[in-house]
Amino acid sequence: MSTFLYRLGKRAYDKPWYFITGWIIIFGIVIAMLGVNGMSTSTDIKLEGTEAQKVLDKLGEVLPEAAGGQASIVFTVPEGERLDTPERVGAMMEAVNKVYGLDYVINPLELAAAAGGAASGDAAAAQAAQMAQAQAAQMAQAQGGAANAGAAGATQAKMPPYGPLLVNGMPVPGVLMATDGSVALFQFQFTVQQSSLPPSVADSVIEAVAGLENGTGITVLPSETLQPVEIPIGANEVYGLVIAVIVLIVSLGSLVAAGLPIVIALCGVGIGVGGAYAISNFITMTSITPVLALMIGLAVGIDYALFIVNRQRRLILDQGLDAREAASRAVGTAGSAVFFAGLTVIIALCGLLVIGLSFLSIMALVASVTVLIDVFVALTLLPALLGLVGERICSRKAREKLHSKAADKQHGIADRWVKGVSKFRWPVIVGVVVILGAAALPVTDMQLGMPSGASANLDTTKRQSYDAISDGFGEGFNGPLLIVAEPNNPEGKIAQETLYQLVAGIQGVENVSVVSPMGINKDGNMAILNVIPATGPTDEATQKLVEELRKADSSIALAHDVKLGVTGFTAINIDMSAKLGEVFPIYIAIIVILSLIILLLVFRSVLVPVKATVGFLLSVLATFGLTTAVFQWEWFNNLFGFDTGGPILSFIPIIVTGILYGLAMDYQVFMVSSMRESYVHGYHGKESVIHGYNQASRVVVTAAIIMVSVFAGFIFTHDIMIKQVGFALAVGILLDAFVVRMTLVPAVMSLFGDKAWWLPKRLDRLLPNLDVEGDKLIAELSANEGATKSRRAH
């Protein structure tokens, strides 16, 4: 490996424009594809294999009109005023009719015709009116009965009064009005899922209701599904890059040397993230997917280039090599570590594919490809750029500084730190375990879910809409459930009377606020109902309600010989958390086993891979503990720019674990490979640990600070999902790099000494020698130099 990379690096150094031109062409292709295809991201998440998704797919086959995406608009007026004045009711009716007249928006009259197979428009209208009147009666019954409810109905008694908006004594389909007239809720449905909806449809809906705000005193608050999907990349990421540049300049002491890792990282993410956007019209890509790739791509791109540049400069300054030979050897030695570090990250990310969720698979693949591109760019474009820079990679000031302080170069902060850690290794080991264990304690209270309007910032439309709905109708209206009833007998039918009996039965279930019949399909083998829980979308009671309704042996299912399926945004989120929880142990086992194999091959040691994994588990548990304390318990929430705590993203544990494992192994590879190199070259016991630490600590600290800075830049974005991911990754790297790799690792390595490199003889013979330290390369080069001198002598 090292010999191949050495030759690759030398060729790139000697023929720089071949490699530079090649990467420019690739970058140009990506830009051309972006221009032709455009960019598209989605908020729609499909969870293959989950109960909610199965119901949604079945509904799409049998009654596609009812399987489309949902949206809502909230109308409010200033405190003390009412919406139900004739002028305002007329204006709302006009806006509602405009929305129902748009393409892709379902008119309840048409849905009733599709569901019931009505023969004429008048019959469809009569059926729609019957459904609306039944819904109004059901609401009145639910609220009237709440006053006399027992313990099971205690939650319902807290529900605020509301009812359908009445015009000429008839309820307006889809519109509810709070009894105090302060807020109205307009709910409607599209003919297709959100991901298949043209962007112009949402714009048309907002335009149809925007006129209400002109002279009526009505405030219009559209739901999140109607708001444009923003690409959550902005100025915050630039701050992280600025810090990275400053750290690189201070560390390398050269503006030229500091600029190279930035150029390499930008090239890698430009091609990786740009390529993802270029094909985004052909795949369903969530808005967080390119951001995750950008986070990881910037961080590892800078780090990988930094390791190679730093090794080249060391070879020039310490061994007096010329820039060409130093660059070639740096690619051959540090480049090998970069290759295997990148491979570990890619394995950790690709482990997400075993989960079987397409949105996570796309996320993992985009990030993995970006890391792979970073590795290739670091191994080919970087030596080409070094060929253009030449001897200027080390400034005259750096060379003078080296000679003036050569005698003291081993007596810096790093040297004193590692010697202190080695001397007091037992207190250090115990202290690290206690500190990280204490930080992990909040994990016991971690609640997983998807962010809702309840945790959005107070000044956002999303939060204002959520609060207005909760105050006027109840928190459950922010997360309705869609119930699909099918007869257990394949030949069975569901009559209209059975539908109303189902409504009455579900209404009696604890934590149900309102049940509304939506209709029966033409074949009579599927009934659809809308259920409003009494609690919010992320509440534990709502999850229990979903589980109760899904029970095959529930009294409702048995009484009517039907099976009930539950779907909707809330049910999908519940299923996502459950599915991720099931596969998490499998995922961890896969990436740990594969990474242990890679580390075993790289370090040729049994202890080192095990120690690396145990250290990672300590740091990742502490990371989740601190993430829970900040985003759920609201510790320092003002500092991190959010108002209200909420559940931790359901996919954060699995994503952050994979990313952190890969990145943590990067530092493990760079730090311990330096100790291994010292051991192979004659240092033993604590001396090999101290010497290797001194050689690698400066660049590892620099790389960790850069990576933390890049991830921290995402903490201050407005998107709570990206905020949580950025925080978890920044804190995780901070703990793993400085507490585990820079403190715990040298303490444990000093404890075991040379025994840390023990490997059974049989296994030693079976394992291939990857020559990460470059011993074979150095031996080959030395032999070639000796042969050359011998020929010259003769």
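Procedures and definitions
Residues numbered from 1 in each chain as written. Predicted model: local features only at pLDDT ≥ 70, side-chain atom pairs only at ≥ 80, totals over all residues. Heavy atoms only, no water. Helix = DSSP H or I, 4+ residues; strand = E, 2+ residues; numbered from the N terminus. Buried < 20%, exposed > 50% of the residue type's maximum accessible area, 1.4 Å probe, protein only. Contact = heavy atoms within 4.5 Å. Areas by Shrake-Rupley, 256 points an atom, 1.4 Å probe, with all protein chains shown as cover. Pairing = 2+ DSSP bridges. 1 Å grid on protein atoms, 1.4 Å probe; cavity = no way out; pocket = protein on both sides within 12 Å on 5 of 7 lines; lining within 4 Å. Points joined across faces, edges and corners; volume = space filled by probe spheres on them. Nonpolar A, V, L, I, M, F, W, Y, C, P; charged D, E, K, R; others polar. Phe/Tyr/Trp six-rings, centres within 6.5 Å; stacked < 30°, edge-to-face > 60°. Axes fitted to C-alpha atoms, helices over the stretch in contact; angles between N-to-C directions. Salt bridge = Lys/Arg side-chain N within 4 Å of Asp/Glu carboxyl O.

Q: Quick question: what am I supposed to make of the overall build of the protein chain here?
A: Along the backbone of the protein chain there are 26 helices and eleven strands. By residue count, 56% of the 794 residues in the protein chain fall in the buried class. The long-range fraction of contacts in the protein chain, counting pairs at least 24 apart against all pairs at least 6 apart in sequence, stands at 80%. Here the protein chain displays about 32700 Å² of accessible surface, and carbon together with sulfur accounts for 60% of that area.

Q: How should the pairing of strand E7 (residues 481–487) be read in this particular structure?
A: Regular strands have side chains that alternate between both faces of the sheet. Within E7, seven of the seven residues are buried, leaving the element largely enclosed by the surrounding structure. By the bridge criterion, five bridges tie E7 to strand E9 (residues 527–533) in an arrangement that is antiparallel. Its bridge partner being in E9, Leu482 is matched across the sheet by Asn530. Taken together, the six bridges between E7 and strand E10 (residues 562–567) define a ladder with antiparallel strand orientation. Note that in E10 the partner of Leu482 across the bridge is Thr567.

Q: Looking at this model, I keep getting lost on empty space enclosed by the protein. Mind explaining?
A: To find the voids left in a structure, one rolls a probe of water-molecule size over its atoms. Enumeration according to the criterion identifies three cavities of 30 Å³ or more in this entry. The volume enclosed by the second largest cavity comes to roughly 50 Å³. Lining the second largest cavity, in full, are Pro451, Ser455, Phe631, Phe642, Thr644, Gly645, Gly646, Pro647, Ile720 and Gln724. Taken together, the residues of the lining of the second largest cavity sort by class into five nonpolar, five polar and no charged.

Q: Would you take a moment to explain the side chain of Ser328 for this structure?
A: Its place among the elements puts Ser328 in helix H11 (residues 323–350). If sequence neighbours within four positions are ignored, Ser328 has contacts with Tyr6, Gly9 and Lys10.

Q: Whenever I open this one, the packing of aromatic side chains confuses me. Can you help?
A: The description of two aromatic rings rests on the distance between their centres and on the angle between their planes. One pass over the full model with this rule turns up eleven aromatic pairs. Measuring from centroid to centroid gives 5.0 Å for Phe631 and Phe642, while their planes differ by 15°, and the two rings are stacked. Note that Phe631 is positioned in helix H21 (residues 607–631) and Phe642 in the loop between H21 and strand E11 (648–649), a separation of eleven residues in sequence. This pair shows no difference in class: Phe631 is buried, exactly as Phe642 is. Residues Phe631 and Phe727 carry aromatic rings whose centres are separated by 5.3 Å and whose planes lie at 80° to one another, so their mutual orientation is edge-to-face. Note that Phe631 is positioned in helix H21 and Phe727 in helix H24 (residues 720–752), a separation of 96 residues in sequence.

Q: Help me understand the side chain of Gln668, please; the structure alone is not making it clear to me.
A: With respect to the helices and strands, the residue Gln668 is situated in helix H22 (residues 652–680). For Gln668, a relative accessible area of 0% translates into the label buried. Discounting residues that sit within four places of it in the chain, Gln668 has contacts with Phe603, Val608, Lys611, Ala612, Ser673, Arg741 and Val745.

Q: Whenever I open this one, the sheet that holds E9 confuses me. Can you help?
A: The strands that make up a sheet pair up through hydrogen bonds in the backbone, lying either parallel or antiparallel. In spatial order, the strands read E8-E9-E7-E10; together these four strands make up an open sheet with antiparallel pairing. Bordering the open sheet on either side are strand E8 (512–520) and E10, each of which pairs with just one other strand. The sheet shows a mean angle of 25° between the axes of neighbouring strands, direction not considered. The strands that helix H17 (residues 496–507) touches are E7, E8, E9 and E10; relative to E8, the one it contacts most, it runs at about 165°.

Q: What's the story with the pattern of salt bridges in this structure? I'm lost.
A: Once their charged atoms are close, side chains differing in charge can pair, the charge on each being opposite to the other. All chains considered together, the criterion is met by 13 salt bridges. Close ionic contact of Asp84 with Arg82 constitutes a salt bridge, the shortest N to O distance being 2.8 Å. The exposure class assigned to Asp84 is partly exposed, which follows from its relative accessible area of 33%. Residue Arg463 is joined to Asp467 by a salt bridge in which the shortest nitrogen-to-oxygen separation is 3.1 Å. With Arg463 and Asp467 both in helix H16 (residues 461–472) and four residues apart, this pair spans about one turn of that helix. Under the relative-accessibility criterion, Arg463 is labelled buried at 10%. By relative accessible area, Asp467 is classed as partly exposed at 26%. What emerges from the salt-bridge pattern is a single network uniting Lys10, Glu325 and Arg329.

Q: Just checking my understanding: could you explain unusual backbone geometry for this structure?
A: Excluding glycine, most residues fall at negative phi; most peptide bonds, likewise, are trans. Of note in this structure, Asn511 is not a glycine but carries a positive phi near 75°. You can call Asn511 buried: its relative accessible area is 4%. Of note in the backbone geometry, Glu634 takes a positive phi value of approximately 70° without being a glycine. With respect to the helices, strands and loops of the structure, Glu634 is situated in the loop between H21 and E11. Classification of Glu634 as partly exposed rests on a relative accessible area of 33%.

Q: Honestly, the sheet that holds strand E2 (residues 162–167) in this entry has me stumped. Any pointers?
A: Taking strand neighbours across the sheet as the criterion, the five strands line up as E2-E3-E4-E1-E5 in an open arrangement whose pairing is antiparallel. Only two strands of the sheet have a single neighbouring strand rather than two, namely E2 and strand E5 (219–222). Sheet twist, expressed as the mean angle between neighbouring strand axes with direction ignored, is 35°. Sheet contacts for helix H4 (residues 86–100): strand E1 (70–76), E2, strand E3 (170–178) and strand E4 (183–189); angle to E4, the most-contacted strand, approximately 15°.

Q: Mind showing me how you'd approach the environment of Val269 here?
A: Note on placement: Val269 falls in helix H9 (residues 255–278). Exposure remark for Val269: the relative accessible area of 7% places this residue in the buried category. Sequence spacing of Val269 and Ala367 is 98 residues, and the spatial spacing of their C-alpha atoms is 9.5 Å.

Everything listed is a geometric property; what it means functionally is a separate question.
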